[in-house]
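Residue-level structural notes
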Amino acid sequence: MAITERARQLRAAGEAVISLGAGEPDFPTPAHIVEAAQRAASDPANHHYTPNAGLPALREAVAEYTAEFSGARVGPQQTLITNGAKQAVYLALAALLDPGDEALIPAPYWVTYPEATKLAGGIPVAVSTDDATGFKVSPEQLDRTATSRTKLLIFVSPSNPTGAVYTPEEVAAIGQWAGERGIWVVTDEIYQRLIYTGETSAASIISSPELGDRWLAINGVAKTFAMTGWRVGWLVGPSDVIKAAASHQSHLTSNVNNIAQQGALAALGGPREPIEEMRQAFDRRRVTMYRWLTKMNGVSCVEPDGAFYAFPSLRPHVERWGSSMGVAAHLLDEAKVAVVPGEAFGADGYARMSYALADHDLETAMERLAAVFDRT
Ligand SMILES: Cc1ncc(COP(=O)(O)O)c(C=O)c1O
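Small disclaimer: the values here were computed from a predicted structure and weren't measured. (Residues numbered from 1 in each chain as written. Predicted model: local features only at pLDDT ≥ 70, side-chain atom pairs only at ≥ 80, totals over all residues. Heavy atoms only, no water.)

**Focus: the packing of helix α10 (residues 273-293) against helix α13 (residues 359-375)**
Note the threshold: Axes, fitted as lines to C-alpha atoms, cover a helix only where it is in contact. Angles between the N-to-C directions of the axes lie from 0 to 180 degrees. Secondary structure counts use DSSP, requiring at least four H or I residues in a row for a helix and at least two E residues in a row for a strand, with both numbered from the N terminus. Should an angle fall under 35 degrees it is called roughly parallel, over 145 degrees roughly antiparallel, and 65 to 115 degrees roughly perpendicular, with every other angle called oblique. In what follows, a contact means two residues having at least one pair of non-hydrogen atoms within 4.5 Å. All amino acids are sorted into three groups, where Ala, Val, Leu, Ile, Met, Phe, Trp, Tyr, Cys and Pro are nonpolar, Asp, Glu, Lys and Arg are charged, and the leftover types, Gly among them, are polar.
Taken N-terminus to C-terminus, the directions of α10 and α13 make an angle of 10°; their axes are 10 Å apart at the nearest point. By the angle class used here, α10 and α13 are roughly parallel. Packed against α10, whose contacting residues are Arg 284, Arg 285, Thr 288, Met 289, Arg 291, Trp 292 and Leu 293, the element α13 presents Asp 359, Leu 362, Glu 363, Met 366, Glu 367 and Ala 370 at the interface. Counted by class, the contact of α10 with α13 contains six nonpolar, one polar and six charged residues.

Rendered as structure tokens:
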């Protein structure tokens, strides 16, 4: 937030600041989705509450989507439509955690995970990783950190902030470990289709046979369909947990906006070409950013395989400027480029750089960063 505020001040003073801070696609929502929502808004039938757990047709579509991309057969009663994936994260943790229960959270992490864990009465336990392992945890490492109070593991692949994607074998090993220890897995699959490894979607942990039904999957339309502002996500899991989460949601927010749900329905059932075009644009920018980062003075980077972030190590610069925050402030002042310091994700020494921006701006930002790093 400090970097965003400083970037705002510089812009107000007429500086051409480029932000690599975006946590969302820079594309508009595809036209067929917008048109479906416009039609829905014109129909008075949609000017009312929907059932608390979501439009039946959307719950059905989510069940089919889960089967297709995560490989688990579920019924619509095992789905809950939420106000963005973020609400699904909180509802999942609130449903599973009792006071004092521990949640294992691989770091670097999306900052909502520890905060939502605390809100739900649990204790976040970070499991640190670094670039040496490609920011991935192993079952051995999880086993060393788990205690008798460990209730669940929060798993995310592709990851925000690192872009790391676990291989199917790595996913299976972690699923087996959790299953054998009786630990629940809350898996965040919001970036599952934004991958650049040649597969259609990232391997999903919910198809691990050892887990049984001790999993909850979080997903949504925000990133894949460029619909962050629509606020539609979902939670999928065992019917009893979903029922509890639905009751919780009913007293918090009732149902998700009816028109936005109709838009999400059009997204899930609609043509795939616009989605694939966006994915290809991200891939092209990913290659550009990675190529630049691997050439910059004092910078090293694990190649990101998913989402739209790179998470380079800036260690020599961090030593010079005291922290990643110090480097980010220096880059903003000298290069007029905003990056998110690693501390925000529990990982000093790194910065998150998003490639969800126009190709030309990305090239310019990279040129400027290279010039500043060369001078230091
Ligand atoms: C890993 C991860 N999960 C969930 C979300 C939230 O998605 P939504 O916009 O659907 O709430 C984000 C958004 O940044 C994210 O990065």
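**Focus on the sheet that holds strand β11 (residues 340-341)**
The test is simple: Whether two strands pair comes down to DSSP finding at least two bridges between them.
The strand order across the open sheet built from three strands is β9-β12-β11, with neighbouring strands paired in antiparallel fashion. The open sheet has two edge strands, β9 (309-310) and β11, and neither has a second partner. Two strands pair when backbone bridges link them, and β11 and strand β12 (residues 351-354) are joined in this way by two bridges, in the antiparallel orientation. The partner of Pro 341 across the bridge, within β12, is Ala 351.

**Side note on the site of the ligand**
What counts is decided by this rule: Throughout this document, a residue counts as near a molecule or strand when at least one of its heavy atoms sits within 4 Å of that molecule or strand. Two N or O atoms count as a polar contact when they lie within 3.5 Å, although within protein this holds only if one can serve as hydrogen donor and the other as acceptor, and sequence-adjacent residues are included solely when both atoms are side-chain atoms. Areas reported as accessible are Shrake-Rupley estimates using a 1.4 Å probe. Residue values count occlusion only from the protein chains shown.
All residues in the neighbourhood of the ligand are listed as Gly 84, Ala 85, Lys 86, Trp 110, Tyr 113, Asn 160, Asp 188, Ile 190, Tyr 191, Ala 222, Lys 223 and Arg 231. In this structure, an oxygen atom belonging to the ligand sits 2.7 Å away from a side-chain N or O atom of Lys 223. For the ligand, whose free accessible area comes to 400 Å², the fraction covered by protein is 92%. Of all the elements, helix α4 (residues 84-96) adds the most residues to the shell around the ligand, at three residues. Within the shell around the ligand, the residues separate by chemical class into six nonpolar, two polar and four charged.

**Description of the nonpolar core**
As a reminder, the rule being used: Side-chain atoms within 4.5 Å link the members of a nonpolar core, which is a set of buried Ala, Val, Leu, Ile, Met, Phe, Trp, Tyr and Cys residues. Note on classification: 1.4 Å probe, protein chains only; a residue is buried when its accessible area is under 20% of the maximum for its type, exposed when over 50%, partly exposed between these limits. The split into domains, and so the bounds of each, comes from an automatic or database assignment of domains.
Within the largest apolar cluster, 73 residues are counted, with the highest numbers of intra-cluster contacts made by Leu 20, Leu 235, Met 366 and Leu 369. Of the residues that make up this core, three or more belong to each of domain 1 (2-23 + 273-375) and domain 2 (45-269). Ignoring anything within four residues of it in the chain, the contact list for Met 366 reads Leu 20, Met 289, Trp 292, Leu 293, Met 296 and Met 353. Residues Val 137, Tyr 166, Ala 260 and Met 278 belong to the second largest nonpolar core, which totals 45 residues.

**A few points about the domain arrangement of the protein**
Just so we agree on the cut-off: Throughout, buried area stands for the accessible area (probe radius 1.4 Å) lost by two parts on being put together, summed over both. A pair is scored as a salt bridge if a Lys or Arg side-chain nitrogen falls within 4 Å of a carboxyl oxygen belonging to Asp or Glu.
Assigned domains within the protein: domain 1 (2-23 + 273-375) and domain 2 (45-269). Just the C-alpha atoms count here: the centres of domain 1 and domain 2 sit 27 Å apart. Across the boundary between the two partners, domain 1 contributes 26 residues, which contact 25 residues of domain 2. Roughly 2,100 Å² of surface becomes buried between domain 1 and domain 2 when both sides are summed, with 62% attributable to carbon and sulfur atoms. Broken down residue by residue, the surface that domain 1 buries against domain 2 is led by Ile 275, Asp 305 and Phe 345, which jointly contribute 25%. The interface formed by domain 1 and domain 2 includes one salt bridge. Close ionic contact of Arg 315 with Asp 131 constitutes a salt bridge, the shortest N to O distance being 3.2 Å. Scanning the region where domain 1 abuts domain 2 turns up twelve residue pairs in polar contact (both at pLDDT 80 or more).

**Observations regarding the packing of aromatic side chains**
Spelled out, the test is: Ring geometry is summarised as follows: Phe, Tyr and Trp rings, the Trp one being its six-membered ring, pair when their centres sit within 6.5 Å, and such pairs are stacked at plane angles under 30 degrees, edge-to-face over 60 and tilted between the two.
In total, this model carries 14 aromatic pairs according to the counting rule given. Aromatic pair Phe 27 and Phe 282: ring centres 5.5 Å apart, planes at 70°, arrangement edge-to-face. Here Phe 27 is found in the loop between β1 (18-19) and α2 (31-42), whereas its partner Phe 282 is found in helix α10, with 255 residues between them in sequence. Relative to Tyr 166, the ring of Phe 155 lies with its centre 4.8 Å away and its plane at 55°, an arrangement referred to as tilted.

**Describing helix α8 (residues 239-252)**
Short version of the rule: Take the residue count of a helix, subtract one, and multiply by 1.5 Å to get its expected span. This arc describes the spread of directions from the helix axis toward the C-beta atoms.
Taking 1.5 Å per residue as the helical rise, α8 with its 14 residues ought to reach 20 Å, and the 20 Å between its terminal C-alpha atoms agrees with that figure. If you check which residues of α8 are buried, you get Val 241, Ile 242, Ala 245, Ala 246 and Gln 249. In a view along the axis of α8, the buried residues occupy a sector of 135°, so they form one face of it. Along α8, exposed side chains directed more than 90 degrees from the buried face belong to Asp 240, Lys 243 and His 251. Looking at the buried residues of α8, the elements they touch are β2 (79-82), α4, β6 (184-188), β7 (215-220) and β8 (233-236). Ser 254 sits one or two residues past α8 and shows a positive phi near 55°.

**Thoughts on the sheet that holds strand β4 (residues 123-128)**
Two pairing modes exist for strands in a sheet, parallel and antiparallel, and in both the strands are linked by backbone hydrogen bonds. Strand order in the open sheet formed by seven strands is β2-β8-β7-β6-β5-β3-β4, with mixed pairing between adjacent strands. The outermost strands of the open sheet, each flanked by one partner alone, are β2 and β4. Averaged over all neighbouring strand pairs, the angle between strand axes comes to 20°, with direction disregarded. As paired elements, strand β3 (residues 102-107) and strand β5 (residues 150-156) share three bridges and run parallel to each other. Each bridged residue has a counterpart across the sheet, and for Ala 103 the counterpart in β5 is Leu 152. Strands β2, β7 and β8 of the sheet are contacted by helix α3 (residues 56-70), whose axis makes an angle of about 115° with β2.

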